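Spelled out, the chains give:
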Amino acid sequence: MEQELETAIGLRIRRLRIERNLTLEDLANASGVSRAMISRIERGEASPTAPLLARICAALGLSLSAFFAEDGEVSPLSRRQDQQVWRDPETGYVRRSVSPPGAASSVDIVDVEFPPGGRVSFPPHAASNGMTQHVWLFDGEMEMTTGDTVYRLLPGDCLFMPVGEGHVFHNPGNIPARYCVVLDRRGR
């Protein structure tokens, strides 16, 4: 099942790149991801990490949620059993796209389970400038770094931050952290 998703990710990146008339070199330059790595991902030979996939998606003009949205019938209802789930191969964090796919909204909602001790860094990236997000913690604890500031989140806390400036997600606790990300793409 996981290999099928990795193959589907590669095929979707390739299709979106071709639809936008981008060469591998164009996408590499726009995303900051090497041409060789993008090629390996497109062929299903490599699994992209969350930061890498986010940079590719931003260069394609998509959020991760929009990338994972299935093409096809648009519905205002997103049933849990139909929501796209992806596991980051590097950190093991699990991300579930909650928003109805194809909805005419600039807001994406994502449910994340982040493992104890996990850390993922999203470097600054111009393609994400203007995008913002709220991180609302339900369980566990998280340390969020944006710019030079580190915020410690406890259950019920919510942090608003820009996406394009880069940030770090870190679970310093010994239990999984579960949180919701509400991403707003209107600034793009």
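Draft legend 1. How the structure looks around empty space enclosed by the protein. According to the stated counting rule, one finds one cavity of 30 Å³ or more in the structure shown. Taken together, 26 residues make up the lining of the largest cavity; nearest its centre are Ala54, Leu64, Phe122, Gln133 and Val163. The set of elements that each furnish at least two residues to the lining of the largest cavity consists of α4 (50-59), α5 (64-68), β3 (107-114), β4 (119-122), β9 (167-170) and β10 (177-184). With five residues, the top contributor of residues to the lining of the largest cavity is α4.

Draft legend 2. Structural context of the confidence of the model for the protein. When the pLDDT values of the protein are averaged, the result is 88; 94% of them are 70 or greater. Looking over the protein, one finds the lowest element-wise mean pLDDT in α5, namely 73, and the highest in strand β7 (residues 149-153), namely 97.

Draft legend 3. Seen up close, the sheet that holds strand β8 (residues 158-162). Within the open sheet, the six strands sit side by side as β1-β2-β3-β10-β5-β8. Their pairing is antiparallel. Across the chains shown, the open sheet's two edge strands, defined by having one partner strand only, are β1 (85-87) and β8. Ignoring strand direction, the axes of neighbouring strands in this sheet form an average angle of 20 degrees. Strand direction decides the pairing type here: strand β2 (residues 94-97) and β3, joined by four bridges, are antiparallel. Each residue of the ladder has a partner; that of Arg96, found in β3, is Asp111.

Draft legend 4. Just helix α3 (residues 35-42), in detail. Those residues of α3 lying buried are Ile38, Ser39, Ile41 and Glu42. Down the axis of α3, the buried side of the element spans an arc of 160 degrees, and every buried residue falls inside it. Downstream of α3 by a residue or two, Gly44 has a phi angle that is positive, lying close to 75 degrees.

Draft legend 5. Region of interest: the sheet that holds β7. Reading across from one edge, β4-β9-β6-β7 is the order of the four strands in this open sheet, with antiparallel pairing throughout. A strand with exactly one partner marks an edge of an open sheet, and here the two such strands are β4 and β7. Across the sheet, the mean angle separating the axes of adjacent strands is 15 degrees when strand polarity is ignored. Looking at chain direction, strand β6 (residues 142-146) and β9 are connected through four bridges and run antiparallel. When the bridges of β9 are listed, Thr145 appears paired with Val168.

Draft legend 6. Structural view of the pattern of salt bridges. Tallied over the full model, the rule gives eight salt bridges. In this structure, the salt-bridge partner of Glu19 is Arg15, at a minimum N-O distance of 2.6 Å. Of this pair, Glu19 and Arg15 both sit in helix α1 (residues 2-19), four residues apart, which is roughly one turn of the helix. The exposure class assigned to Glu19 is partly exposed, which follows from its relative accessible area of 48%. Given the relative accessible area of 32%, Arg15 is considered partly exposed.

Draft legend 7. The packing of helix α2 (residues 24-31) against α4, seen in detail. At their nearest, the axes of α2 and α4 sit 8 Å apart, and the two run at 110 degrees to each other. Between α2 and α4, the interaxial angle falls into the category roughly perpendicular. Relative to α4, the crossing made by α2 is right-handed. Counting all contacts with α2, which are made through Leu27, Ala30 and Ser31, the residues of α4 involved are Arg55, Ile56 and Ala59. Here the residues of the contact of α2 with α4 sort into four nonpolar, one polar and one charged.

Scoring rules and cut-offs
Residues numbered from 1 in each chain as written. Predicted model: local features only at pLDDT ≥ 70, side-chain atom pairs only at ≥ 80, totals over all residues. Heavy atoms only, no water. 1 Å grid on protein atoms, 1.4 Å probe; cavity = no way out; pocket = protein on both sides within 12 Å on 5 of 7 lines; lining within 4 Å. Points joined across faces, edges and corners; volume = space filled by probe spheres on them. Helix = DSSP H or I, 4+ residues; strand = E, 2+ residues; numbered from the N terminus. pLDDT = per-residue confidence, 0-100. Pairing = 2+ DSSP bridges. Axes fitted to C-alpha atoms, helices over the stretch in contact; angles between N-to-C directions. Buried < 20%, exposed > 50% of the residue type's maximum accessible area, 1.4 Å probe, protein only. Arc of directions from axis to C-beta. Salt bridge = Lys/Arg side-chain N within 4 Å of Asp/Glu carboxyl O. Parallel < 35°, antiparallel > 145°, perpendicular 65-115°, else oblique. Left-handed = near helix turned anticlockwise from the far one by under 90°. Contact = heavy atoms within 4.5 Å. Nonpolar A, V, L, I, M, F, W, Y, C, P; charged D, E, K, R; others polar.

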